[in-house]
Amino acid sequence: MSVPADRRYGPATLPRARGPLSTAVIEALRRPPHDLPTDLGVGLDPADPIVDEDLQLTLFLCYELHYRGWLGVDESWEWQPTLLALRARCERVFEAALRRLVGAPSVPAAGVAAGLAELVAADDGPALAAQLQRRADLAQFREFVAHRSVYHLREADPHSWALPRLGGPAKAALVEIQTDEYGNGRLDRMHAELFRRTLDRLGLDTGYGAHVDVVPAVTLATNNLMSLFGLHRRLRGALLGHLAAFEMTSSLPNRRYGNGLRRLGFDEVATRFYDEHVEADAVHEQIAAHDMCGGLVRLEPALASDVLFGAAAGLAVDRLFAAHLLDSWADGRSSLRTPAPPDLPPTVSLVALPAVAPPSPPALV
Ligand SMILES: [Fe+2]
Ligand SMILES: [Fe+2]
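Caption draft 1: A look at the pattern of salt bridges. In this structure the tally under the stated criterion is 18 salt bridges. A salt bridge links Arg-87 to Glu-91; the nearest nitrogen and oxygen atoms lie 3.2 Å apart. In this pair, Arg-87 and Glu-91 both sit in helix 4 (residues 81–102), 4 residues apart, roughly one turn of the helix. Judged on exposure class, the residue Arg-87 and its partner Glu-91 are both buried. In this structure, a network of salt bridges that share partners links the residues Arg-18, Glu-53 and Arg-337.

Caption draft 2: Looking closely at the coordination of the iron ion (ligand 1). Those donors, Glu-155 (OE), Glu-181 (OE), His-191 (ND1) and His-277 (NE2), are the protein atoms that reach the iron ion (ligand 1), and they lie 1.8 to 2.1 Å from it. If you look at the iron ion (ligand 1), its 4 donor atoms make angles of 85 to 165° with each other, and the shape they trace is irregular. All donor residues of the iron ion (ligand 1) come from one chain, and their arrangement in sequence is E-x25-E-x9-H-x85-H. Here the iron ion (ligand 2) and the iron ion (ligand 1) are spaced 4.2 Å from one another, each receiving a donor from Glu-181. Taken as a pair, His-191 in helix 10 (residues 191–201) and His-277 in helix 14 (residues 268–299) lie far apart in primary sequence, 86 residues in all. The exposure classification of His-191 matches that of His-277, with both residues buried.

Caption draft 3: Spatial organisation of helix 3 (residues 53–64). With 12 residues, helix 3 should cover 16 Å at 1.5 Å per step; its first-to-last C-alpha distance of 16 Å lies within 8% of that length. Taken together, the buried positions of helix 3 are Asp-54, Leu-55, Gln-56, Leu-57, Thr-58, Leu-59, Phe-60, Leu-61, Cys-62, Tyr-63 and Glu-64. For helix 3, the secondary structure elements touched by its buried residues are helix 2 (20–29), helix 4, helix 7 (138–152) and helix 11 (217–231). The N-cap residue of helix 3 is Asp-52: its side-chain oxygen and the backbone nitrogen of Asp-54 are 3.3 Å apart.

Caption draft 4: Structural detail: the coordination of the iron ion (ligand 2). Coordination of the iron ion (ligand 2) by the protein is provided by Glu-181 (OE), Glu-247 (OE), Glu-247 (OE), Asp-281 (OD) and His-284 (ND1), with metal-donor distances spanning 2.1 to 2.5 Å. Expressed as a motif, the donor residue spacing for the iron ion (ligand 2) is E-x65-E-x33-D-x2-H.

About the criteria used
In this convention, every chain numbers its residues from 1, walking through the sequence in written order. Numbering of ligands from 1 and lettering of chains from A proceed in the order in which they are written. With pLDDT at 70 or above as the cut-off, local features in this predicted model cover only qualifying residues; side-chain atom pairs require 80 or more to be listed or tallied, and sums for whole chains, interfaces and linings still use all residues. Side-chain metrics in this entry use all non-hydrogen atoms of the structure; hydrogen atoms and water are not considered. Think of a salt bridge as a Lys or Arg side-chain nitrogen and an Asp or Glu carboxyl oxygen that are within 4 Å of each other. A helix here means a DSSP run of H or I that spans at least four residues, while a strand means a run of E at least two residues long, and both kinds are numbered starting from the N terminus. Buried, partly exposed and exposed residues are distinguished by accessible area as a fraction of the type maximum, computed with a 1.4 Å probe on protein chains only: under 20%, between the cut-offs, and over 50%, respectively. Note: metal donors comprise N, O and S atoms at 2.8 Å or less from the metal (3.2 Å for Na, K and Ca); water molecules are not included, so apparent gaps in a site are possible. A four-donor site is classed as tetrahedral when every donor-metal-donor angle falls between 85 and 135 degrees; four donors are called square planar, and six octahedral, when trans pairs exceed 155 degrees and all remaining angles lie between 65 and 115, with any other arrangement labelled irregular. Expected helix span is taken as 1.5 Å per residue step, with the number of steps being one fewer than the number of residues. Only heavy atoms enter the contact rule, under which two residues are in contact if any of them lie within 4.5 Å. A 3.5 Å cut-off defines polar contacts: any pair of N or O atoms within that distance qualifies, except that in protein one atom must be a possible hydrogen donor and the other a possible acceptor, and neighbouring residues in sequence count only when both atoms are side-chain atoms.

Below, the structure written as structure tokens:
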């Protein structure tokens, strides 16, 4: 589904609020920059911050000001001190929850690359990729793609925050990875653009941020943790660890996603994004673990545990994401936000991914 050119790359329209904090932020962003109430978010203590809709949307609203911004929102909000203070309150709660979730990973004597390999080998996440390969129906696959679109339409951007914060071998390795992610400077090969074609083939809105409204907190959390790591220099080790874990757990699942789309009758335009990652990430995982994270820790040994924290946090939140999808589908429910919360205008449907007919099965297998 094509979208007007001005919506393709952002900024996205402001999403709907999910609670008192996001309501206050959205109402503020609609007006010129001004001071927020000083007690906004003070004492914030949600039961489970990682799946708290109001907290995760508030963080996402704040972080997006550093990416493409929001349609109609004054760009000066990016550095508005009271909004930054609110963001910091939310971040403290979120980071504490991440650290509770994964503990403090210890660095093995063999080094940080070995530590990353151990974390990945121990990752016993639910088999989302196998489900998508073998059993998911078209509606479920479209849900999965809508969830992932929040990241893939700006693929690689959060990790680019690390570039000016690094020098030497780690920087060279990160540049090598990011160069591939950005299609070596060719628009039609940028991974975000390959993903846009997958969305299009599946009949989904290809606009930047088009699906933010329908994805739940856990999906926003998979994005917010990258922004948290990316926007804080002190967390640069965690950011690189996150990228390494991402690359080290990418190749096989992407093969399965591509096979799942082929099983559903989609062509190579739809599967290209996933097919591209099978080969590319088999290379990237070596660069990421040894050259990038290893290179960082050789220069800054104190960052080794941060690298493993970032990797463990990424894997853990992704497990929660996968469990949410599989549990929803096992219960016969959509994994997207549905039905529309009662406080929203009745004309607004959050359920809706537009209908699309499955493609005809391929003539030859
Ligand atoms: Fe990629
Ligand atoms: Fe990659």
